[in-house]
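Summary of structural features
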Amino acid sequence: MPDPIHQFEIHRLVPIDLFGWDVSFTNSSLFMLVTVALVVGFILVSMRGRSLVPGRLQSTTEVTYEFVSNMLRDAAGSEGMKYFPFVFTIFIFVFVCNMLGMIPGFFTVTSHVAVTGALAALVFLTVLVVGFAKNGVRFLKLFVPSGVPIVIMPLIIAIEIISFLSRPVSHSVRLFANMLAGHVTLKVFGGFVVMLLGAGTYAALAPLPLIMAVAMTALEVLVAFLQAYVFAMLTCMYLNDALHPGH
Amino acid sequence: MPDPADDRGSGGRRISPEDEAAYRGRISELGDRLDKAKAEREAAAEAELDAEMRGRGMAYGMRMAAELVAAVIVGGLIGYALDSWLGSKPWLFLLFFVLGFAAGVLNVVRSYERMQKEIAARTGGRLGTSVPDDDD
């Protein structure tokens, strides 16, 4: 049976050693670069005309813009729009990485916790910096819900702090786990087809896992979009906490 | 059946009662067909929304699991780190493990509230078609 984990292996394409650190250019780096090149290229080409009545390409970009800006404005209010470039970049990067991963033989960048963890840490640090810069000490009110008796206050604050610190963990794990699980499932069903085809009379059963794999692929495309959406949505909500810490 | 345009062309002649009945019949038939087409289209939209909500339901489920587990892990790690720092094994680990669980439940409750709002905004409170209850 083909190894379902094999697709997640990282290969060094150009080994680079920087002061003892391994910063090689890997297949993961390659696909990140491809993603960025695709996004930048697509947006530049689609917006070249800048016509008042958009064509097909231009409206794709405009719809994406509207989608993200509505999401951000709903979650964080109009002050949140200052962080639009940040949220848009995260959304489009995760979305295109997820979608590129759906092409057979391509590497899924977001199936590695190192990548999603770095993105989540970036969001977490941004929230901390923005929160303290905007509100100063008042940002700590996020950990002190109003109307709690003073006796159990220390307990509540400890729980709130743990809850806050768990955000980047769940933020990153959710995306990476979804992508990893989806791709492993697809690979396993694909493997079943190959195994059944090589198993004499049982080859008649081979279409069953194939149908399943096709259905799973449709579901995975939905998941790829949904997880990018959820990742960006949570970024918006966390930014909202940084901007308006008083709940 | 005479063409209605001819009728009008030949100068204000009344439409015969038979013709009027025929026209009425055609109008009501057209109405029926419109209603049917509308119902079909609504059913298709409903089915599509239902499929989308099912997909979302799965995503929401995963989200809940991640929220709960993440807080427990973070709580446990904090406790473990404090223990190794203060040399109080295993008491702070146990304490923060339990606090982590509480924080996990808090996370789940909060994301559930958000989720309800999102679903209500989209469908008016339904997540997938409700399965008929045996008691009903």
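For the structure itself, look to the data block above.
Since this is a predicted model, take the numbers as computed values, not measurements.

Basis of the calculations
- Residues numbered from 1 in each chain as written.
- Chains lettered and ligands numbered in written order.
- Predicted model: local features only at pLDDT ≥ 70, side-chain atom pairs only at ≥ 80, totals over all residues.
- Contact = placed C-beta atoms within 7 Å.
- Helix = DSSP H or I, 4+ residues; strand = E, 2+ residues; numbered from the N terminus.
- Nonpolar A, V, L, I, M, F, W, Y, C, P; charged D, E, K, R; others polar.
- Axes fitted to C-alpha atoms, helices over the stretch in contact; angles between N-to-C directions.
- Parallel < 35°, antiparallel > 145°, perpendicular 65-115°, else oblique.
- Left-handed = near helix turned anticlockwise from the far one by under 90°.
- Buried ≥ 20, exposed ≤ 12 C-beta atoms within 10 Å, placed from the backbone.

1. Looking at the interface of chain A and chain B
Contacts between the two partners involve 16 residues from chain A, matched on the other side by 19 residues from chain B. At the level of elements, α5 (153–165), α6 (167–197) and α7 (207–243) of chain A are the ones that each hand at least two residues to the side of chain A that touches chain B. Across the side of chain A that touches chain B, the residue classes break down as 11 nonpolar, four polar and one charged.

2. Describing the packing of helix α1 (residues 27–46) of chain A against helix α2 (residues 56–76) of chain A
Residues and elements named next belong to chain A. The N-to-C vectors of α1 and α2 enclose an angle of 120°; their axes lie 8 Å apart at closest approach. Here α2 runs oblique to α1, going by the angle between their axes. For the pair α1 and α2, the sense of crossing is left-handed. Along its contact with α1, which presents I43, V45 and S46, the element α2 presents L57, Q58, T60 and T61. Of the residues contributing to the contact of α1 with α2, the split by class is three nonpolar, four polar and no charged.

3. Overview of unusual backbone geometry
Residue P90(B) is bonded to the preceding K89(B) through a cis peptide linkage, with omega at -5°. Counting through the fold element by element, P90(B) comes out in the loop between α2 (17–86) and α3 (91–123).

4. Considering the packing of α2(A) against helix α3 (residues 84–101) of chain A
Residues and elements named next belong to chain A. Direction vectors running N to C along α2 and α3 enclose 125°, while the axes themselves pass 10 Å from each other. With respect to α3, the axis of α2 lies oblique. Seen along the crossing, α2 lies across α3 with a hand that is right-handed. Note on element contacts: α3 touches α2 through F84, V87, F88 and F91, opposite V68, S69 and L72. Looking at the contact of α2 with α3 residue by residue, the class counts come to six nonpolar, one polar and no charged.

5. Points about the environment of H112(A)
Residue and element names in this part refer to chain A. Here H112 shows up in the loop between α3 and α4 (113–135). Judged by the 17 C-beta atoms lying within 10 Å of it, H112 is partly exposed. Residues H112 and I10 lie 102 residues apart in sequence; the distance between their C-alpha atoms is 9.8 Å. If sequence neighbours within four positions are ignored, H112 has contacts with S28 and F176.

In short, shape yes, function no, at least from these values alone.
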